[in-house]
Amino acid sequence: MSQRIYKDKFYTHFDVKKYHTDYQQRVQNIHWVAKHGFYPFIHFQMNCNKYTNDSNGHKYIKEKNRDIYYAAHIDRFIYEYYGNRLNNRYNEYMKLNGISRASTAYRNCTPGKCNIDFAKEVFEFIAKSKSAYVFVGDFSKFFDNLDHKYLKNKIKNVIGENTLDEADYAIYKNITKFAYIEADDIELEKGLLRRDMRKLDKYFETEEFREFKKKYLQKNNKDYQIPQGSSISAVYANVYMIDFDKKINDYVTTHSGIYRRYCDDIIIVIPMTYEKIKNGENEQITKFVYKVRDSIPNLELNEDKTEQFFYDNGIIEKIMGESNLINYLGFTFDGKTVRIRDKSLFKFYCRAYKKIKRVKENTEEKAFNAGKKAIYQSYTHLGASKYSREHGNFLTYAYKADEIFSQSKVLESDIRNQVKRHWYKINKRLKE
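The rules we used
- Residue numbering note: each chain is counted from 1, following its sequence as written.
- Thresholds applied to this predicted model are a pLDDT of at least 70 for local features of residues and 80 or more for the giving and counting of side-chain atom pairs; totals over whole chains, interfaces and linings are not thresholded and use all residues.
- Water and hydrogen atoms were dropped before computing side-chain values, which therefore reflect all heavy atoms in the structure.
- Secondary structure follows DSSP: runs of H or I at least 4 residues long count as helices, runs of E at least 2 residues long count as strands, and numbering of each begins at the N terminus.
- Here the globule rule is a power law, 2.2 Å times the number of residues to the power 0.38, and the radius of gyration is based on C-alpha atoms.
- Contact criterion: two residues are considered in contact whenever any of their non-hydrogen atoms come within 4.5 Å of each other.
- All accessible areas in this document rest on Shrake-Rupley with a 1.4 Å probe, and a residue is counted as covered only by the protein chains that are shown.
- Charge convention: Lys and Arg are scored as positive, Asp and Glu as negative, and His as well as the terminal groups of each chain are ignored.
- Charged side chains are reduced to one point each, which is NZ for Lys, CZ for Arg, CG for Asp and CD for Glu.
- To form a nonpolar core, buried Ala, Val, Leu, Ile, Met, Phe, Trp, Tyr and Cys residues must be joined to one another through side-chain atoms within 4.5 Å.
- Accessible area is worked out with a 1.4 Å probe on protein chains only. A residue is then buried under 20% of its type maximum, exposed over 50%, and partly exposed in between.
- Cavities and pockets are found on a 1 Å grid laid over the protein atoms alone: a cavity is a set of points where a 1.4 Å probe fits but cannot escape, a pocket is an open set with protein on both sides within 12 Å along at least five of seven lines, and a lining residue has an atom within 4 Å of such a point.
- Grid points are joined across faces, edges and corners, and a volume is the space filled by probe spheres set on the points.
- Under the grouping applied here, Gly and all other residues not named as nonpolar or charged are polar, the nonpolar ones being Ala, Val, Leu, Ile, Met, Phe, Trp, Tyr, Cys and Pro and the charged ones Asp, Glu, Lys and Arg.
- Polar contact criterion, stated in full: a pair of N or O atoms within 3.5 Å, where within protein one must be able to donate a hydrogen and the other to accept it, and residues adjacent in sequence count only if both atoms are side-chain atoms.
- To estimate how far a helix should reach, multiply one less than its number of residues by 1.5 Å.
- What the arc covers is the set of directions going from the helix axis to the C-beta atoms.

A. Inspection of the overall build of the chain at higher detail. Regarding its fold elements, the chain presents 18 helices and 15 strands. The C-alpha atoms of the chain give a radius of gyration of 24 Å, which matches the 22 Å a tight globule of 432 residues would have. Viewed in the frame of its principal axes, the chain has a C-alpha envelope of about 70 × 65 × 35 Å. Put simply, 71% of the contacts in the chain that link residues at least 6 apart link residues at least 24 apart. Carbon together with sulfur atoms contributes 46% to the accessible area of the chain, which is approximately 22900 Å² in total. Across the chain, the 77 positively charged side chains and the 58 negatively charged ones have centroids separated by 3 Å.

Below, the structure is given as structure tokens:
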């Protein structure tokens, strides 16, 4: 087992906290994995409220929740090892089919690159085009809709075999017919919040867990949906899209354009004159995208939620959508300047202000000072280490993004300017 594949994470779950090195031989043994009894996932909803604009340019909060499922420790080691193994085969398949660059998320063949680099590539392509048509879309409830039978066939296509080996099949069965328990039910049974049980070695003793499962265990009995949150689910999602990526990429590249998909977000940029837009050539592209979408089971690329733009010498004009800004991978682009999305800044300050409110409730000076120090570490430049991926905070990310975009000869970055008043805002709330 490689440390690049595995990370020891000591969260509380249904099995005891484990070091991956103690399970290396077992996890790599496909016969052992085939007989392994997987624990249920723990499910919770992550708040992903979106700070956006309406058709009149007024900002409002669009409510959105994302279902997250996280695995027990031993199961996570299995998903990581076999997910990495499948990812290697996926990379080979994509390269062989000439579409290696089309898919950018959850790849193990792009070390050191992240969403910032992928957004920069697309924005630069737009900026270097004299004029272009831009199509931006996302798939609704992506992981929730993946068809099991179709997924299995695509896995076999990628590995080049007619059947899955016994380990891959056991994992496939467990991911498609996954069992789970609501995090709220654990808290209800224990009478504690999960954050107050972090030091427990596991949530329940063996006999206690058996009784608990009888009351609360749930299972996905549908012939679609996989749990978002496990590392192999991310690889499965990419594998599911191989035919879509191939068809769209081939079509776009024959028109001298660029196609990129980052999980459920897609963007297409094709050089095009305004005259061709007036003649409806962009509509032929959208019709082709929807036709390919309809050829893949359960893909929901909502036509009402897609955005279309025309780029002309540094100016973005909307053809369809709510804004003249291209939103992609957490950044906005107006044809010249790149900024962090308002949504991300909104979340950053909301979280900071909630923590500050909690800290200020401490009446003891020692506790308040410790809390204030933690606030500075988490929400100001004092904690923004640029030297470690394991540490740092949102400002670490912002400064890195600004540095990467500022290296471009055709893009301008306004990211530093967006966060320059963070110290004033945080300090003001602490002193109010």
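B. A look at the nonpolar core. Of all hydrophobic cores here, the largest spans 66 residues; its most connected members are Phe 142, Ile 171, Tyr 236 and Phe 244. Per-element accounting of this core gives the leading share, 9 residues, to helix α3 (residues 73–96). Apart from residues lying up to four places away in sequence, Ile 171 is in contact with Val 33, Phe 38, Ile 78, Tyr 79, Tyr 82, Ile 232 and Tyr 236. Of all hydrophobic cores here, the second largest spans 46 residues; its members include Ala 352, Tyr 399, Phe 405 and Leu 411.

C. Region of interest: the layout of surface pockets. In this model, the second largest pocket occupies a volume close to 1300 Å³. Contributing elements (two or more residues each) for the lining of the second largest pocket: β1 (41–47), α8 (183–190) and α14 (342–360). Looking at the lining of the second largest pocket, the element that brings in the most residues is α14, giving 7 residues. Residues of the lining of the second largest pocket, tallied by class, amount to 12 nonpolar, 5 polar and 11 charged.

D. Fine view of the side chain of Gln 308. Following the sequence through the fold, Gln 308 ends up in strand β10 (residues 307–312). On the basis of relative accessibility, which here comes to 5%, the residue Gln 308 falls in the buried class. Here Tyr 133 takes part through its side chain, which lies 2.7 Å from a polar atom of the side chain of Gln 308. The contact partners of Gln 308, leaving out residues within four places of it in the chain, are Tyr 133, Val 134, Phe 135, Asn 282, Thr 286, Glu 317, Lys 318, Ile 319 and Met 320.

E. Representation of helix α15 (residues 365–379) within the structure. Taking 1.5 Å as the rise per residue, α15 with 15 residues should run 21 Å; its terminal C-alpha atoms sit 21 Å apart, in good agreement. Among the residues making up α15, those that are buried are Gly 371, Ile 375, Tyr 376 and Tyr 379. Buried residues along α15 cover an arc of 145° about the axis, so they all sit on one side. Away from its buried face by more than 90 degrees, α15 exposes Lys 366 and Lys 373. On the buried face of α15, the contacting elements are α14, α16 (394–406) and α18 (422–431).

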